[in-house]
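One-letter residues, chain by chain:
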Amino acid sequence: GQGPAGDRQELFPGVTPGEEREWIPLSETKRAIALGFFDGVHMGHGALLRRVGEVSAQKGLIPTAFTFDAHPGSRITGAVTPLINAPADRADLMRRLYGIREVIVAHFDSMMRMDWRDFVTEYLVKEHGAAHVVAGHDFHFGYKGEGNPQRLRELCEAQGVGCDIIPKVEMEGITVSSTYIRTLIAQGEMERAMEFLGHPHVLTDRVGHGKKLGSTLGFPTVNLRFPEGVLVPAHGVYATRVWFENGDSRPAVTNIGVRPTVDDGDRVSVEGYILDFSGDLYGQTIRMEFYKKLRGERRFPTLEALREEVMRNAQETREFFHAV
């Protein structure tokens, strides 16, 4: 179970963060593997993942994605790049939307030290049973990023491994990239972000105890948190949809911010008021999808004024989902 760099790789079929995962020998079966970081799992990534699905169906391979545990940019430059999604959400999006069955999460630091040839011949082919690989036009790998799409294609050919290099994907003349989508989410432009992602922006978390503001105001709310290192969207109120463990979903009005009316200090909270729902969701893992920013965060003179505004936002949310 040791990779060439001596670090144990893990496979993660589940989405619950932090759970113990069984170590599975990977090279016993053959895989078609998409290579990349896949932050956000956007339309550009979708082109790679769809191709892996097609090849897997044709050749009887396991559709797989390879990704890193840390953002390559933050490791190389030292500048911290906030992630669009936590790794568990990335894996869930790839499985749910593109039928990826296995996600290999590699330690980026060990990948940086690996010779680019070894990454292909030892790591992908021998250890992970790669029979076909798919990479983007700008994928670099191995020590000092010396591996590039041209070298990958040539080495795969020599190894008898199939290889597709996917050109960049553009929409409205803009290259679809995680960098651009991060800017949109940071500004609260969820509808435009959804166009480039190909799905609504998501946050999955276990419901925690909040300040019980919802019960004070007379409606049920769920309290979530963005994991450390994950981008927090522009503060404000959003039309969202909440998915429960049993597969049901409900629209929700969700506030992201420091809740100025109730003086929550500086801690960013995510509080969703679920429409037409009663019940206790504490301890459940739920997925929240962000569709549209309704307004910015602001302080209200009284809790009653806040309640009236939330009711107005609830009506806007109902109308939004009715029209969608």
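Being a predicted model, the structure only gives us computed values, none of them experimental.

Turning to helix 7 (residues 178–186), its buried residues are Ser-178, Ile-181, Arg-182, Leu-184 and Ile-185. Buried residues of helix 7, seen end-on, are gathered within an arc of 160° and therefore sit on one face of the element. Those residues of helix 7 that are buried are in contact with helix 1 (43–59), helix 8 (190–197) and strand 9 (201–206). Two residues or fewer after helix 7 comes Gly-188, characterised by a positive phi angle close to 80°.

Counted according to the given criterion, the structure contains 0 disulfides. Counting only cysteine sulfurs, Cys-156 is the nearest neighbor of Cys-163, a cysteine outside any disulfide, at a range of 4.4 Å. Relative accessible area serves as the criterion here: at 19%, Cys-163 is assigned to the buried category.

Our next topic: the packing of aromatic side chains. Under the defined criterion, the tally for this structure stands at 15 aromatic pairs. Between Phe-68 and Phe-108 the ring centres are 4.9 Å apart and the planes differ by 85°, which places this aromatic pair in the edge-to-face class. Separated by 40 residues along the polypeptide, Phe-68 in strand 3 (residues 62–68) and Phe-108 in helix 4 (residues 108–113) bring together distant segments of the chain. Judged by relative accessible area, which is 7%, Phe-68 ranks as buried. Pairing Trp-116 with Phe-141 gives two aromatic rings, centres 6.5 Å apart and planes at 70°, and the pair type is edge-to-face. Taken together, the positions of Trp-116 in helix 5 (residues 116–127) and Phe-141 in the loop between strand 5 (130–136) and helix 6 (149–159) put the pair 25 residues apart, joining distant regions of the chain. Each member of the aromatic cluster is reached from another via a ring pair, and the members are Phe-66, Phe-68, Phe-108, Trp-116, Phe-119, Tyr-123, Phe-139 and Phe-141. If you follow Arg-90 out to its NZ or CZ, it ends over the ring of Phe-37, 4.3 Å from the centre. The ring of Phe-321 carries the charged tip of Arg-241 above its face, separated from the ring centre by 4.7 Å.

To continue, consider the sheet that holds strand 13 (residues 269–274). The 6 strands are arranged 9-14-11-12-13-10 in an open sheet whose pairing can be described as antiparallel. The open sheet has two free edges, formed respectively by strand 9 and strand 10 (221–224), since each of these has just one partner strand. Averaged over all neighbouring strand pairs, the angle between strand axes comes to 35°, with direction disregarded. In this sheet, strand 13 lies alongside strand 12 (residues 249–257) in antiparallel orientation, the contact comprising 6 bridges. Across the sheet, residue Thr-254 finds its bridge partner in strand 13, namely Gly-272.

Turning our attention to the pattern of salt bridges. Under the defined criterion, the tally for this structure stands at 16 salt bridges. For the salt bridge of Asp-276 with Arg-318, the shortest nitrogen-to-oxygen distance reads 2.9 Å. Residue Asp-276 is found in the loop between strand 13 and strand 14 (285–296), and its partner Arg-318 is found in helix 10 (residues 303–323); the two are separated by 42 residues along the sequence. Arg-312 is the partner of Glu-309 in a salt bridge, and the nearest nitrogen-oxygen pair spans 2.8 Å. Taken together, the positions of Glu-309 and Arg-312, both in helix 10 and 3 residues apart, correspond to about one turn of that helix. Relative accessible area serves as the criterion here: at 8%, Glu-309 is assigned to the buried category. Residues joined by salt bridges that share partners form a network here, namely Arg-295, Arg-298, Glu-309, Arg-312 and Glu-316.

Here the focus is the pairing of strand 4 (residues 102–106). A large share of strand 4 lies buried, amounting to 5 of its 5 residues. With burial as the criterion, each face of strand 4 is covered, one bearing Glu-102, Ile-104 and Ala-106 and the other bearing Val-103 and Val-105. Pairing analysis gives 5 bridges linking strand 3 to strand 4, with the strands arranged parallel. Note on strand 4: the bridge partner recorded for Thr-67 is Val-105.

Where empty space is left can be seen by rolling a probe of water-molecule size over the atoms. In this structure, the largest pocket encloses a volume near 890 Å³. Residue lining of the largest pocket: 39 residues in total, with Gly-36, Phe-37, Pro-72, Asp-138 and Phe-139 positioned closest to the centre. Where the lining of the largest pocket is concerned, the elements lending two or more residues are helix 1, strand 3, helix 2 (72–77), helix 4 and helix 7.

Attention now moves to the packing of helix 7 against helix 8. The interhelical angle for the contact between helix 7 and helix 8, taken along N-to-C directions, is 155°, at an axis separation of 8 Å. The angle between helix 7 and helix 8 places the two elements in the roughly antiparallel class. Between helix 7 and helix 8 lies a crossing whose hand is left-handed. Contacts from Tyr-180, Ile-181, Leu-184 and Ile-185 in helix 7 reach Met-190, Arg-192, Ala-193, Phe-196 and Leu-197 in helix 8.

Turning next to the nonpolar core. With 59 residues, the main nonpolar core has Leu-35, Phe-66, Phe-119, Tyr-123 and Leu-152 as its most contacted residues. Judged by nonpolar contacts, the second largest core, of 21 residues, contains Val-52, Tyr-98, Ile-100 and Val-103.

Conventions and cut-offs
Residues numbered from 1 in each chain as written. Predicted model: local features only at pLDDT ≥ 70, side-chain atom pairs only at ≥ 80, totals over all residues. Heavy atoms only, no water. Buried < 20%, exposed > 50% of the residue type's maximum accessible area, 1.4 Å probe, protein only. Helix = DSSP H or I, 4+ residues; strand = E, 2+ residues; numbered from the N terminus. Arc of directions from axis to C-beta. Contact = heavy atoms within 4.5 Å. Disulfide = S-S within 2.5 Å. Phe/Tyr/Trp six-rings, centres within 6.5 Å; stacked < 30°, edge-to-face > 60°. Lys NZ or Arg CZ within 6 Å of the ring centre and 35° of its normal. Pairing = 2+ DSSP bridges. Axes fitted to C-alpha atoms, helices over the stretch in contact; angles between N-to-C directions. Salt bridge = Lys/Arg side-chain N within 4 Å of Asp/Glu carboxyl O. 1 Å grid on protein atoms, 1.4 Å probe; cavity = no way out; pocket = protein on both sides within 12 Å on 5 of 7 lines; lining within 4 Å. Points joined across faces, edges and corners; volume = space filled by probe spheres on them. Parallel < 35°, antiparallel > 145°, perpendicular 65-115°, else oblique. Left-handed = near helix turned anticlockwise from the far one by under 90°. Core = buried A, V, L, I, M, F, W, Y, C linked by side-chain atoms within 4.5 Å.

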